[in-house]
Amino acid sequence: MMRLRLTGAVELIADGRILDIGPPQRRCVLAALAVDTGRAVTSEALVARVWGDEAPDRAVRSLHAHVTRLRKTLGEAGDPAVQLVRDPAGYRLTLAPEQVDLLEFHRLSRSAAEQTTSGDRLAGLRNAVDLWLGEPLAGLSGEWADRTRSRWLLAYRDTVIAWAAAEVLNGDPQRPIGPLTDLMTEHPLAEPLCAVLMRSLRGCGRPAEALALYAGFRERLAEELGTEPGAELRNLHREILRDEWEPAPSAPPPARTPAQLPPDVRGFTGRRTELDQLDAILSAGDHHPRALPILLISGTPGVGKTALGVHWAHRVRDRFPDGQLYVNMRGYDPDQPLTPLDALARCLTALGRTSQDLPLDLDDRAALYRTELAGRRLLVVLDNASTVDQVRALLPGTAGCAVLVTSRDALAGLVAVDGAHRVALQLLPSDDARDLVRTLIGDRADAEPEAVSSLIGFCAHLPLALRVAAELILARPGSTTLADFTAELQDRRRRLRRLHGAGDVRASVTTVFSWSLEQLPAEAVRLFRLLGAQPCPAIGVRAAAALVGLENDQARDLLDVLTRAHLITATDHGRFGMHDLLRAYAFDLCAPAEVEAGLGRLFEHVLTTTVTMLNRLYSPLGPAAEADAVAAKAWLDEERDTIIVVAGHAALHHRPDITISLADHLFPYLVRTYPVEAMTLFQHARQAADRLSDKPAQAWAEFGIGAAAANSAEGLPRAVEHLREAVRRLETLDDPARTSRALNGLAIALTRSGQVPEALDHWQHALDLARAAGAAPAITRVLNSMSNAERYLGRFYDALAHLEESRRINETTGNFASLGMTEHSFGLVHLALSRYDLAVEHFERAVHHQRRTADHASEALTLTGMGVAHARLHDFETASDLLDQSLQILRQAGLKEGIANVRTGMGEVAMLSGNPAEAIHRYKESLAAPFDSLTSIAEAHAGLGRAYRALDDRATARVHFEQALSGYTTMGSSYGADTVRAELAALDSGAIPPPPAYISL
């Protein structure tokens, strides 16, 4: 069989012979035909491909000559199936795609990606890579050849990356290292390439080379692009640093099974055709196991899309044993449709992830979401979406799941690009509408069938309007006939048509809505109007009372009235929501002054209540206040999303000052534990500050964004960027205290990024500013932070001097919270100096102050340090008890930061008590902890090195010491690095090793 090679030099092969094609231009003509083999290519296109934009006048004549020669060459090959023919559309080469190596390469690559087993995927990728003979179109020049060659080289690179990943997954990481290394030379800034080569090196037991590769790649990025590696590469670097040696088997944590579907619709009737369609689409997916079923219900407002979707989801929920996610995308909210980023946060939280786990970048967060859903059978319901972009990031990557979308829009892109199956929901058919009315009002429907038909017509066959009308009918005396009711309805519709125009569906719907309101007390109608103006998807009793300016009991009664009238719906946790059609109708009834006054009351209520709860949380003064703090934390956790929605709305509507104040007060509650929510809030605050042209607030919003990023998953590069901007802005203002605080935050982020020298410069500047301003809290904050950096560098006496100054200031001012931090830092320095008794004394003082101020997170960290100090004093029982207390506090507070340190401390207890095997287990638990730092990873590796050395496994010990050294070096901790170098020297010489470096505790 004849074959054409386009990888390497263009060659035509028949019966094992390489045929003489002729000069480069003729080979280019053949290649230009071959890439579209089986399809006609016009003379104009061929001329452009071979000669480019500046083709000579005789180019067409030369093309014909080349075609004639090529026909002769093909004829000599003796394969009658391969011909070069001319038809009205142009020239067509009849080679089969599998006879062209490059086309076969592409086919094999695509086919491999569709395989469901790793073995089949690997086999297909191997075959594709084996076909590649070198740079495509070698020896050919010209714009088309250069552009095509570049595109094919990128495709080859991507295929090699996929092949290498499959080899690593299937247990042969050595095989792709050579090709990957060659490609790295050609693509020195390709992150996916660097990542898979690092994985291959790690898989071959060469982690030091993988870490060196990362260091070189990071340096090239910084020099050439001025940026840091992306999240995937940073995560991989961290994984290699914390890589377990002979990992102990452990059961994965149980997956959370979300069950988020709203209650099924009461009295749901009809829609049998649509239900059958949805069932058929889902069942068809069983015959296409690699395709993700995406079901789309589209239709006009009020037609029952959500009701149908929720009802069908309940019918099929048993087919999805791993749960159901439900997200109201609020696509037609005029101000704040739910963004894909926020929707992903809600889904990931429902799947068990915390805010600290969530990447800040949309693509990274979507990738984490797809990873969470991989291998699971889960139904995702995305209700009330408005655009394809809102939906696309929430599509799972595997076919075991299914997605149901409801939208007023047809979402053509979701159908055309993503393969969604649309069910267009029409107005409720007459028979179905009659069944619904019968379900709602009972036998009266059968007694007056003509009146029921009129009622259905007046309600435009919309289920929502029929339900509201049915409630009106039931509220009438039994002597009122349906005919009387519909006659009144017809009279009302005539009046409304003057406003809306004949034939407008809204006229029919608002006829029912307006009549329903006329039956209600005036205060209930006023609450209804204002509920349409407030921004929250659902609202509680107290917020509703503030909105309407009444007492809580009065508001509760009015909400009950509106619920019975089917104008609002009771949701979970004592809240009430509205259908978007009713919300739009209610909003249309509001006067601007009424909206402004109502929202102002709501905003003030949210701010006042939030500040009250924060004061209770952070200022407890006794046992009763401790209980108040617990209740305040529960309230803040419950209302957190609502507060952020209100802040966003206030930024756009009349009260940007509320947004700025909420962000300022919520900083300590959100930034550390809920960084993603903090990021959203401070973005709202920045928008509010921009509206007010409030430069101090703009600068402080940048600081908040940076601080939130520093506490989120892989957010340090973004944190440093925003913190630098905050410092730049604050330095132009006369606010040295806040500038000092921002510099302190920037220095902390830089330290965690391994840029300690620059961090120390910023701390010195921050200290100078704080002293000049006489701001005692700012001074002690910077002194405490500087002492930690000095401890990293082994400058213990400088650290002690700064802490002495901090303690004097705190004792003078009575700042017990800061005094607790200072005593904690004292303990860490003395622990590093092997002064264990002194360390315990300082830790005990720190715990006293931390409990006095209910700073439970800091208390947990101090208990960890105290536990390690007791272990060094060989008081193992006390040490174990303190570490258990620390772990319990962290878990109760939902804090992941610090768990790695506790596990390392437990490893120290086991190691010092003569149980290195138990120590190994504990250190590995530290490496597997969900939120750690490079220093805690390095300390765990150093601990593993000591434990394996105690078991006389020097080779394994050396691997872990080298990984610890890499971590400390990356962090810029000369003290930690020097300690590990001494450990390695002792490993070679048999000398007594130094005590461990305690840095991250």
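As the structure is a computational prediction, the values presented were derived from the model and not from experiment.

Definitions and cut-offs
- Residues numbered from 1 in each chain as written.
- Predicted model: local features only at pLDDT ≥ 70, side-chain atom pairs only at ≥ 80, totals over all residues.
- Heavy atoms only, no water.
- Helix = DSSP H or I, 4+ residues; strand = E, 2+ residues; numbered from the N terminus.
- Polar contact = N/O pair within 3.5 Å; in protein donor to acceptor, adjacent residues only side chain to side chain.
- UniProt positions renumbered as here; feature names shortened; annotations may be inferred.
- Salt bridge = Lys/Arg side-chain N within 4 Å of Asp/Glu carboxyl O.
- Buried < 20%, exposed > 50% of the residue type's maximum accessible area, 1.4 Å probe, protein only.
- Pairing = 2+ DSSP bridges.
- 1 Å grid on protein atoms, 1.4 Å probe; cavity = no way out; pocket = protein on both sides within 12 Å on 5 of 7 lines; lining within 4 Å.
- Points joined across faces, edges and corners; volume = space filled by probe spheres on them.
- Nonpolar A, V, L, I, M, F, W, Y, C, P; charged D, E, K, R; others polar.

Student: What am I meant to see in the environment of Arg872 here?
Tutor: Tracing the backbone shows Arg872 in helix H39 (residues 856-872). As for Arg872 and Leu831, which are separated by 41 residues in sequence, their C-alpha atoms are 9.0 Å apart. A polar side-chain atom of Arg872 sits 3.4 Å from a polar atom in the side chain of Tyr836.

Student: Looking at this structure, how should I read the UniProt feature "DNA-binding region" (unreviewed entry) in the protein?
Tutor: The UniProt record marks residues 1-95 with the feature "DNA-binding region" (unreviewed entry), using the residue numbering of this structure. Each end of residues 1-95 is marked by a C-alpha atom, and these two atoms are 10 Å apart; helix forms 41% of the span and strand 19%.

Student: Would you mind showing me how to read the pattern of salt bridges here?
Tutor: As a working rule, side chains carrying opposite charge can pair if their charged atoms are close by. Enumeration over the complete set of coordinates arrives at 49 salt bridges. One salt bridge connects Asp36 with Arg39, and the closest N-O pair in it is separated by 2.6 Å. Assessed through its relative accessible area of 49%, Arg39 is described here as partly exposed. One connected set of salt bridges, linked through shared partners, spans Glu804, Arg807, Glu823, Glu841 and Arg845.

Student: I'm lost on the sheet that holds strand E12 (residues 569-570) in this one. Help?
Tutor: In any sheet, the strands associate via hydrogen bonds between backbone groups, in a parallel or an antiparallel arrangement. Strand order in the open sheet formed by three strands is E11-E13-E12, and the pairing between neighbours is antiparallel. Of all the strands in the sheet, just strand E11 (538-539) and E12 have a single pairing partner and so form its edges. Looking at chain direction, E11 and strand E13 (residues 576-577) are connected through two bridges and run antiparallel. Note on E13: the bridge partner recorded for Ala538 is Gly577.

Student: Explain the side chain of Ser926 here, please?
Tutor: Here Ser926 is to be found in helix H42 (residues 916-927). Of the polar contacts made by the side chain of Ser926, one reaches the backbone oxygen of Ala900; its length is 2.9 Å.

Student: What is the right way to look at empty space enclosed by the protein in this model?
Tutor: One simple way to see leftover space: roll a probe sized like a water molecule over the atoms. Within the structure shown, the criterion is met by two cavities of 30 Å³ or more. In this structure, the second largest cavity occupies an estimated 40 Å³ of space. Every residue lining the second largest cavity is listed: Leu531, Gln534, Cys536, Pro537, Ala538, Ile539, Ile568, Phe576, Gly577, Met578 and Arg583. For the lining of the second largest cavity, the secondary-structure elements that each account for two or more residues are E11 and E13. Among the residues making up the lining of the second largest cavity, the classes are represented as eight nonpolar, two polar and one charged.

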